[in-house]
Amino acid sequence: MRTRKGQNLVKVPVSPMDTPAQVFRFGPYESRPRSRELYKHGLRLKVRPQPLQVLNLLLNRAGDVVSREVLREELWSAETFVDFEHSLNTAVKEIRATLGDSPLSPRYIETLPRLGYRFIAPVEVINGASDLAPSPHPITSNPNGNPASIAAAIPADIPASEISGERARQNQNRHPYLWLAVALAAAGVTLAISASLWLRKTEYFWRNPIADARFQTVTDFEGVEEAAAVSRDGHLVAFLSDRDGPMDVWVTQVGSGEFHNLTHGSAPEIANPLLRNLRFSPDGSLITFWGRKRNGSNSGNISVWAVPTLGGQPRPYLEGVSELDWSHDGSRIVYHTPGPGDPMFVSDGGGLSDRPPIFTAPAGLHAHFQLWSPDSKFIYFVQGSLPDKLDVWRISPSGGSPQRITSHAGLVAYPILLDRRTLVYLASDRDGSGPWLYSMDVERRIPHRLTSGPDRYTSVAASADGRRLVVTLARPKRTLWRLQIADTPTEVAAPSRVALTTTTGFSPRLGPNYLLYVSATGASESIWKVANGTGTELWSGQGAQVLGGPAISSDGRYVAFSVRQHGKALLYVMQSDGTNARTVADSLDLQGDPAWAPDGQSITSAANDHGVPHLFRVRLDGHAPALFVQEYSVDPAWAPDGRFVVYSGPDVGTTFSVKAVAADASAHALPSLTLTRGARHMAFLAGGRALVLLRGEIQHKNLWLIDLETGTERQLTNLTPDFDIHGFDISPDGREVVLEREQDLADMVLLDLPRP
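Cut-off values and rules
Residues numbered from 1 in each chain as written. Predicted model: local features only at pLDDT ≥ 70, side-chain atom pairs only at ≥ 80, totals over all residues. Heavy atoms only, no water. Phe/Tyr/Trp six-rings, centres within 6.5 Å; stacked < 30°, edge-to-face > 60°. Helix = DSSP H or I, 4+ residues; strand = E, 2+ residues; numbered from the N terminus. Buried < 20%, exposed > 50% of the residue type's maximum accessible area, 1.4 Å probe, protein only. Lys NZ or Arg CZ within 6 Å of the ring centre and 35° of its normal. Salt bridge = Lys/Arg side-chain N within 4 Å of Asp/Glu carboxyl O. Axes fitted to C-alpha atoms, helices over the stretch in contact; angles between N-to-C directions. Parallel < 35°, antiparallel > 145°, perpendicular 65-115°, else oblique. Left-handed = near helix turned anticlockwise from the far one by under 90°. Contact = heavy atoms within 4.5 Å. Nonpolar A, V, L, I, M, F, W, Y, C, P; charged D, E, K, R; others polar.

Draft legend 1. A look at the packing of aromatic side chains. Enumeration according to the criterion identifies 20 aromatic pairs in this entry. Relative to Phe119, the ring of Phe26 lies with its centre 5.0 Å away and its plane at 80 degrees, an arrangement referred to as edge-to-face. Taken together, the positions of Phe26 in strand β2 (residues 22-26) and Phe119 in strand β9 (residues 116-119) put the pair 93 residues apart, joining distant regions of the chain. Comparing Phe26 with Phe119, the two get one shared label, buried. Measuring from centroid to centroid gives 6.3 Å for Tyr317 and Trp326, while their planes differ by 65 degrees, and the two rings are edge-to-face. Given the relative accessible area of 7%, Trp326 is considered buried. Cation over ring: Lys529 sits above Tyr514, and NZ or CZ is 4.5 Å from the ring centre. A cation sits over an aromatic face here: Arg680 above Phe656, 4.3 Å from the ring centre.

In structure tokens, the structure reads:
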């Protein structure tokens, strides 16, 4: 039979050929291609055959892009014709609806425009019927009193005459209740098998690897300690600390109570929280660390340095390398460079590889925290968009397609392996809280949070046998400070702390005669206003995380802000007194700071689109959000006259570029601006000629003023080394600035795990 729609004739889907007994497990779902069934938590879902066929093909090629042409060739025959494009789009839409997936923020099926689709969640493939829990069939009786489920189990290749003859003989010779006993026994066996498989699938017997660990505090300094590392034998612990002023590499022997500063301020910039800073060499004689030459502005200034554990002069170890790890036998290293995509190499010796990289992350993404598995079969690493759209992946040392291991899409860092299958790592929750300690079996891939208290962790390391861990237990402190700006940084007065009625304050914004900021209490964040010395809460939401900072309209009457709440990103507008709050966008995966257009009729914000942030325009009159900037773009700031908007580009190594477009999205020229990772917020002064931004090291920056017409620069502040700015805002006249100071107070804690 043939049908037509216009003149476009394409194939109608046909059922794929039966395959061996095979099951795909992902998240709470289980797909059984042979029986054409999809289950969630063991319950069968109602799905049409066509969408299920598309899903199974994507599952069979998980991690790979499956083109629309391949889908048509594999699943649509030449006998009957329909509108293929419409049928495929409908099938994918039904799959997403069934899985609770979103095309804008996919967890399972990613759309690649003009290419096809890709299944992105971890998939466990099980071959063989022995691994499958049987489909739930009710045990009913047929007219002869025999359970129907027993009859259904008779092989199809036995002739019916033999079955009926044998059944008659059995009925004559056996006790009349024997069949009932057999049925009950079969049901019991089925139930036991199902329960066993369910327990295995849900990891009922999983145990917290640190449940019985013995905790011991290693450091109790005033100030910052971070980036824990432990030698392979577990006897030495290294970390970064500013105990003597500048950030230095320190080492201690476990239990000695003695601490040794190995670098004494002679090392380059060494603090980078987005990668594993410190490593012990296999023999424990060296400590390697990430280093960037002071005031370095490009990736050529980055190298791995080394300092002897017993003391000596720090020196470059691998030039142009950001991070490394040795295989367990010490014969190979894996490292990545700071170029776009963090190209990853494997070397058979102690030097650089002369072969091509085994992996380079897609444009705009990063690949950090490389780690050899104990058997050297895999290299684990963290991949994603910085700073908080990341997950753990693994790849063969020879290259190929990486496998996604976790599905947090959050701030994920510091993966370690206690053994071949037990992965421990740091991850934030979807509400932005944390990061916490997590663990999973890399074959089952079910994440388990290891701690239940409010403690936050910023690093974790393990000895070679996985029996000793060192963690950084953080006590972050965020406060707000005011500062008057003079004509030269040497004349600037010392900052004074802003008195707040809340315990924390961050993401400050200055309005006419008032200050806005964000505060956190437990897992919820709220927006506060300080005017005439009085603090007032303007907005709060249970479990809400404020994305970026609030944006104040040019007349100071309205406030826009983005939040993530209950798994959804929302853009709000309210009056500056906190009244009339309303949602103006709920369909975008928002990211970073929003910004008011100077005419007050729209808001510009970044939103993730297939993993890459782009600027969108959100009008206040109810029109749908519209794409504004095609390339990677976040954290916009409009010139006061509305002629153009500046924004941040992607991180490359430790830097990112500042770009601009005109109001009609055409290119707008700017002086060349490359800034260091750590703070992307920018603010215009009145008139729009000057831009104020943060410049300096990753963890210590000062405010600078850039004249956008001449390109001349002027330093506005000269803060002490221990004053780390995480955010700021400046008054339109450029005379007053409010600073967000972040102090990562922390301690090193040792965990001794019991022997199994």
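Following the structure, the description resumes.
Draft legend 2. Fine view of the pattern of salt bridges. This model, assessed by the stated rule, comprises 27 salt bridges. For Arg292, the salt bridge goes to Glu269, with nearest N and O atoms at 3.0 Å. Here Arg292, found in strand β17 (residues 286-292), pairs with Glu269, found in the loop between β15 (259-261) and β16 (278-280); they are 23 residues apart in sequence, far enough to count as distant. The exposure class assigned to Glu269 is buried, which follows from its relative accessible area of 3%.

Draft legend 3. Representation of the packing of helix α1 (residues 49-60) against helix α2 (residues 68-75) within the structure. Relative orientation of the contacting elements α1 and α2 amounts to 120 degrees, with a least axis distance of 11 Å. Comparing their axes, α2 and α1 come out oblique. Considering how the two elements wind past one another, α1 and α2 form a crossing that is right-handed. Taken together, the residues of α2 that come into contact with α1 (itself represented by Gln53, Val54 and Leu57) are Leu71, Glu74 and Leu75. Here the contact of α1 with α2 is composed, by residue class, of four nonpolar, one polar and one charged.

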